[in-house]
Each structure stands twice: as structure tokens, then as C-alpha cells.
Amino acid sequence: MDQSGVLLWVKAEPFIVGALQVPPPSKFSLHYLRKISTYVRTRATEGAYPRLYWSTWRHIACGKLQLAKDLAWLYFEIFDSLAVKTPEERLEWSELLSNCMSEDEVEKQRNQQLNKVSLRTSLIGEEWPSPRNRSQSPDLAEKSSCHNKNWNDYSHQAFVYDHLSDLLELLLDPEQLTASFHSTHSSLVSREAVVALSFLIEGTVSGARKIYPLHELALWQPLHAESGFSRLSKTFSFYKLEAWLRTCLTGNPFGTSACLKSGKKLAWAHQVEGTTKRAKIACNTHVAPRMHRMVVMSQVYKQTLAKSSDTLVGAHVKIHRCNESFIYLLSPLRSVTIEKCRNSTFVLGPVQTALHLHSCDNIKVIAACHRLSISSTAGCVFHILTPTRPLILSGNQTVTLAPFHTHYPMLEDHMARTGLATVPNYWDNPMIVCRESSDTSVFRLLPPCEFYVFIIPFEMEGDTTEIPGGLPYAYQKALRQREQKIQIWQKTVKEARLTKDQRKQFQVLVENKFYEWLINTGHRQQLDSLVPPAAGSKQAAG
């Protein structure tokens, strides 16, 4: 078959989920990555290759790259979250960790965790993301200069295309490299190396609907002449393979650009007079395989949007430039990115991988997620249930962390499907990962006296009737004290023995005060937007 019949593209997920949105440590340069690549191969018998144990990575990261242990584990654990695992396997790992009584026991469990040696480190090389494109100042006026490449499929393609030689050289066995760790004209690439490259690249044959990992196409017999595979040596010619990859690389047909250009347009939001025309919601779920699902919503303004449907299940969701809105996405999600949004509340179903916020002001997020990371935010509140430490990246001001405080009928079922457990829960133990400082004053834990539970105002089928995992003692106690005050108040009113007219007058006063409070807090808009045009409150289940 002619090589023009093969289309290859760079996968979106490793970038959306796996690339930390923070400039990498200075020693994550190609020079050190090449040395690491050779080092692990020479220690194959010590748990370094072809699978890399935490203990070996910790030795490399802490001893040779001078990373703090927490940061070393962060990189290791992020790659682990990209590995294909069943929800049951993820729940089993959570159970092991929750049974640990000390840091030493946690470390012992980590030492038994293993990962494939892969291209994870090449994703966090010196140009991803480019430090020069990021605001180094927490000043809100400069936040617009921050640039998020994680969802930009053109950036993914350009990154791999520009660094293709480097990526392939990192995968070469030591005897195929010169003394300065470079390839020669006769260098040979192993089959295992091309399997590893399938972590980043996949493709198809023209006219076919099926998607293949890179190695299956490269090893396909009709393509051996183009891909440079020798059946005799069971290896690829470095230069033929590189030339074939460069020729076949094209845009991702399931990326953000394609989703926005030709994706199905959705109309979910409750209509609010004069505001529905601006909202733009697109998805590719009608054409994309399950692992490539994407939903992009933009410019939702002064609306309540509620959805629980198969369109969202397992999708990567991007929410962009939404303002003064209430968005409920009550399905198990693969990842969620919220960017440049203001004065809004987001209630999310369980997020299997990463929940990231960037350049947002005065946002409330309520979610169970594998990982939360935030950058360039101001005045945002996060009610989170998470088995990993929340990541506070650069440029944040006044971050408030609080316990997860809501439920909907399908929540526990959705958590099981995404492999999220109620313990361990590190919502109150963030990790500050930014160059400007490690100042802990950037965040606070919500005082219990300010805590209220959140009620999701939609009817759905399901068995969950309470907050999964319950509430921390201090917050539960605050709720009890408030309930006691209400009971005392009701008793006082009852014992006052008001006449019928006095009761009427008293009720008007209370209602007026309540109405005043609704307007002052902004809750009036939230309540008004919940009144649907006709269909009743089952909107979320549609």
C-alpha cells in the first residue's frame, strides 16, 4: 500500500491530562533525559527497565535531579494516572493507601507501584509549556499573557514534529548512540521503542474507521518499506522511521480544532431571555471513539445549564469564558478544564483524571476528582474530594479549599465507574508548585462557620442519598449547631403566642429580609434561572 494511505496524529490525552501547566525543573533538559534513558537501561535488573519502580525513579529524581520527594512522586503519579487501569484497580490502590497508618507505610506501598518506562519525561521537557508564554507575576492584570497549550492540538503536533529526532533518540538502546547520546546513520530502533511511542501517536488507514496504535501500523507488512522495519533484525531504521513519521503526521481528527469546526452543536441550557444566542457548545461524541470524546462549551452567560447523559460519559470537557452561570455536568467525566470563567458555579460528576482551572475569578467548583490543579485564579472556592494533593500552581490569589458537600442520586455509581473512592481524601493538604514562592498564605481552609451543604436541585434516578464519605467533624458540628439555632428560633416564635395578625405581619418581615438576602448574595439569579420554560425539573436527566 502507498504510504499516503496512512494518517498519523498526536493523541490529545497525554497533553490534556499529563502535561503539568508549570515550567519544569531546570534539570529536565534533553541532556539529563538522555542520561536517564541510558542509566535505566543499564540497571534493568534493579527495577529500572523496562518497568520503572518508584524506588528507582525516586533515586534518579531526588539524588541526581535534586527534586523534592513530593515533586518526584507527583511526576511519577501523573504518569501512572495515564496508564490503562480498570476502576477496580484504582479503587484497590485507594484502599491500600487509606489503610496506611504512617508516611513509612505509604512509602512501602509506593515502592511496590511500578510504571512503564515511557515518554512521560519528554512531555515535560524544556519547552512544554514554554515559560516565556506564562505570566510570572501573580498580578491579575497580567493574567491574560498566560497561554494554555494543553488543549491546543496544533501545539501538540508542532511539539512532537519539532522534537521527533529527540524523542526517537531517547528511545534508542545505548549501543545505538554516539558518546554524546546522538543517533548515527545506521542507528536501529527496537520494536519496544515504537510501542512506547504509541503512547503519543496513533493513526488509521485512509478509508478505514478503525484507529490503530502507531506500532501496529509501523509493523504492518505492506508498510515495512516506508516505516523502515527489517523482518531480519526485527528493528526499524532510525532515519527511515523518522522520515515516514514526518510524512504521515497530520492534524488530530478528534482534537479540539476538529470538534469546534465540525463537531455537533448542542443546545442544553435553560433559555433565559436574550442570552441563549451567545452560548456555544460542541461535541464530537457522534464520531469519536470512546477514549477520544470531547465536549467544548464557551460563552455561557447568565444561564443555568444542567446535563447528565451519555454525551458526557468519559469525555474530556473544556469550559471557556462562561460568566454569571450555574453549570451542572452530572456524569462520569474523563477530564475537565475550566478557563477564563468568572462569577460562576460548576457542579461536576466524578472526574477520572485531571480537573484544571486557569485564569478564573470568583468561581465555585464542586467535584470529586483524581487531581485538582489551579493556576492564575483569584477568589475561587473548591469543594473537593480527591485522593491526591491539590496542586496550587503559579499566579493564584485567595484560594479557598473546602470539603465536598453535595450529592445526587447516581453519584456513588459514577464514582465507582471512574475508580474514585472516598478515602484517602487530601482536599485540605495542597501542594504549592510554583517558582515565585511556596507561600502558604495563598490558600485557606474554609472556616466551619462559613460552611453550608449544597443541594443539587434536579430529580434523577439512583441510590445515593447522602454526601459520600460524610463531612469532617468540625464541619458536621457547625451544621448541627446551626440546626439547633433554628430549633431554638422556632421554639421562641411558638412560645411568643402571636395573634393571627401579628403572625402575618411577622411572616412578611421575615420574607422581606430573606428576599433582601437573596438579592445581596446573588442567590436570587440562581433560583430564578432554575425555573424552566415548561419542562419541569427533570432537565438534568435529558
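Being a predicted model, the structure only gives us computed values, none of them experimental. (Residues numbered from 1 in each chain as written. Predicted model: local features only at pLDDT ≥ 70, side-chain atom pairs only at ≥ 80, totals over all residues. Heavy atoms only, no water.)

1. Considering the overall build of the chain
Inference 1: When helices and strands are tallied, the chain shows 18 helices and 23 strands.
Inference 2: Here the chain, with 542 residues, has 51% of them falling under the buried criterion.
Inference 3: For the chain, contacts bridging at least 24 residues in sequence account for 57% of all contacts bridging at least 6.
Inference 4: Looking at the chain as shown, the accessible area adds up to about 25800 Å², and 53% of this sits on carbon and sulfur atoms. (Helix = DSSP H or I, 4+ residues; strand = E, 2+ residues; numbered from the N terminus. Buried < 20%, exposed > 50% of the residue type's maximum accessible area, 1.4 Å probe, protein only. Contact = heavy atoms within 4.5 Å. Areas by Shrake-Rupley, 256 points an atom, 1.4 Å probe, with all protein chains shown as cover.)

2. Considering the pairing of strand β12 (residues 304-307)
Inference 1: Of the two faces of β12, the one holding Thr304 and Ala306 and the one holding Leu305 and Lys307 are both buried throughout.
Inference 2: Where β12 lies against strand β14 (residues 326-329), 4 bridges are found, and the strand directions are parallel. Directly across from Ala306, in β14, lies its bridge partner Tyr328. (Pairing = 2+ DSSP bridges.)

3. So, the packing of helix α2 (residues 30-41) against helix α3 (residues 54-64)
Inference 1: At a minimum axis distance of 12 Å, the contact between α2 and α3 shows a crossing angle of 145 degrees. When the axes of α2 and α3 are compared, the crossing they make is right-handed. Between α2 and α3, the residues in contact are Tyr32, Ile36, Tyr39 and Val40 and His59, Ile60 and Lys64, respectively.
Inference 2: Broken down by class, the residue content of the contact of α2 with α3 amounts to 5 nonpolar, 1 polar and 1 charged. (Axes fitted to C-alpha atoms, helices over the stretch in contact; angles between N-to-C directions. Left-handed = near helix turned anticlockwise from the far one by under 90°. Nonpolar A, V, L, I, M, F, W, Y, C, P; charged D, E, K, R; others polar.)

4. Concerning a negative patch on the surface
Inference 1: Residues Glu88, Glu89, Glu92 and Glu95 make up a contiguous surface patch of negative charge.
Inference 2: Following the sequence through the fold, Glu88 ends up in helix α5 (residues 87-98). (Patch = residues over 30% accessible without salt bridge, like charges linked within 9 Å, V, L, I, M, F, W, Y side chains within 5 Å. Salt bridge = Lys/Arg side-chain N within 4 Å of Asp/Glu carboxyl O. Lys, Arg positive; Asp, Glu negative; His and termini not counted. Charge placed at Lys NZ, Arg CZ, Asp CG, Glu CD.)

5. Some words on the sheet that holds strand β5 (residues 201-205)
Inference 1: Spatially, 3 strands are ordered β1-β5-β6 in an open sheet, and the strand pairing comes out antiparallel. The strands lining the two open edges of the sheet, one partner per strand, are β1 (6-10) and β6 (212-213).
Inference 2: As paired elements, β5 and β6 share 2 bridges and run antiparallel to each other. If you follow Glu202 over to β6, its bridge partner there is Pro213.

6. Observations concerning the nonpolar core
Inference 1: Judged by nonpolar contacts, the single largest core of 62 residues is most densely connected at Ile319 and Leu355.
Inference 2: Counting residues per element, this core draws most heavily on strand β18 (residues 361-375), at 8 residues.
Inference 3: Core analysis: the next-biggest nonpolar cluster, separate from the first, contains 43 residues, Ala12, Trp151, Leu241 and Trp244 among them. (Core = buried A, V, L, I, M, F, W, Y, C linked by side-chain atoms within 4.5 Å.)

7. Observations concerning helix α13 (residues 238-248)
Inference 1: Within α13 the residues assigned to the buried category are Phe238, Leu241, Glu242, Trp244, Leu245 and Cys248. Considered in projection along α13, the buried side chains sweep an arc of 165 degrees and stay on one side of the axis. (Arc of directions from axis to C-beta.)

8. Digging into the confidence of the model for the chain
Inference 1: Scored by pLDDT, the chain comes out at a mean of 84, with 86% of its residues at no less than 70.
Inference 2: Counting contacts from residues 116-147, a segment whose pLDDT is below 50, to residues more than four positions away or on other chains yields 93 contacts. (pLDDT = per-residue confidence, 0-100.)

9. Side note on the sheet that holds strand β7 (residues 229-230)
Inference 1: The 3 strands are arranged β4-β8-β7 in an open sheet whose pairing can be described as antiparallel. Whereas interior strands pair on both sides, the edge strands pair on one side only; in this sheet they are β4 (188-190) and β7.
Inference 2: Most of the contacts of α13 go to strand β8 (residues 235-237), to which it runs at about 75 degrees, and overall it touches β4 and β8.

10. Re the environment of Val295
Inference 1: Note on placement: Val295 falls in strand β11 (residues 294-298).
Inference 2: It is 6.4 Å that separates the C-alpha atoms of Val295 and Lys318, two residues lying 23 residues apart in sequence.

11. Topic: the packing of α3 against helix α6 (residues 103-111)
Inference 1: Viewed as axis vectors pointing N to C, α3 and α6 meet at an angle of 105 degrees, and their least axial separation amounts to 7 Å. Considering their axes alone, α3 and α6 lie roughly perpendicular with respect to each other. Contact residues: α3 offers Trp54, Ser55 and Arg58, while α6 offers Glu107, Arg110 and Asn111.
Inference 2: Of the residues assigned to the contact of α3 with α6, the class counts are 1 nonpolar, 2 polar and 3 charged. (Parallel < 35°, antiparallel > 145°, perpendicular 65-115°, else oblique.)

12. Side note on unusual backbone geometry
Inference 1: Following Tyr49, the chain continues to Pro50 via a peptide bond in cis, the omega torsion being 0 degrees.
Inference 2: Positive phi is not limited to glycine here, since Gln66 has a value of about 55 degrees.
Inference 3: Within the secondary structure layout, Gln66 lies in the loop between α3 and α4 (69-82).
Inference 4: Phi at Ser359 is positive, roughly 55 degrees, even though this residue is not glycine.
Inference 5: With respect to the element layout, Ser359 can be found in the loop between β17 (351-358) and β18.
Inference 6: Note on Ser359: relative accessible area 12%, which makes it buried.

13. Side note on α4
Inference 1: The end-to-end C-alpha distance of α4 is 20 Å, a good match for the 20 Å that 14 residues give at a rise of 1.5 Å each.
Inference 2: Among the 14 residues in α4, 12 count as buried, and that is most of the element.
Inference 3: Of the positions making up α4, those classed as buried are Leu71, Ala72, Trp73, Leu74, Tyr75, Phe76, Glu77, Ile78, Phe79, Asp80, Ser81 and Leu82. (Expected span 1.5 Å × (residues − 1).)

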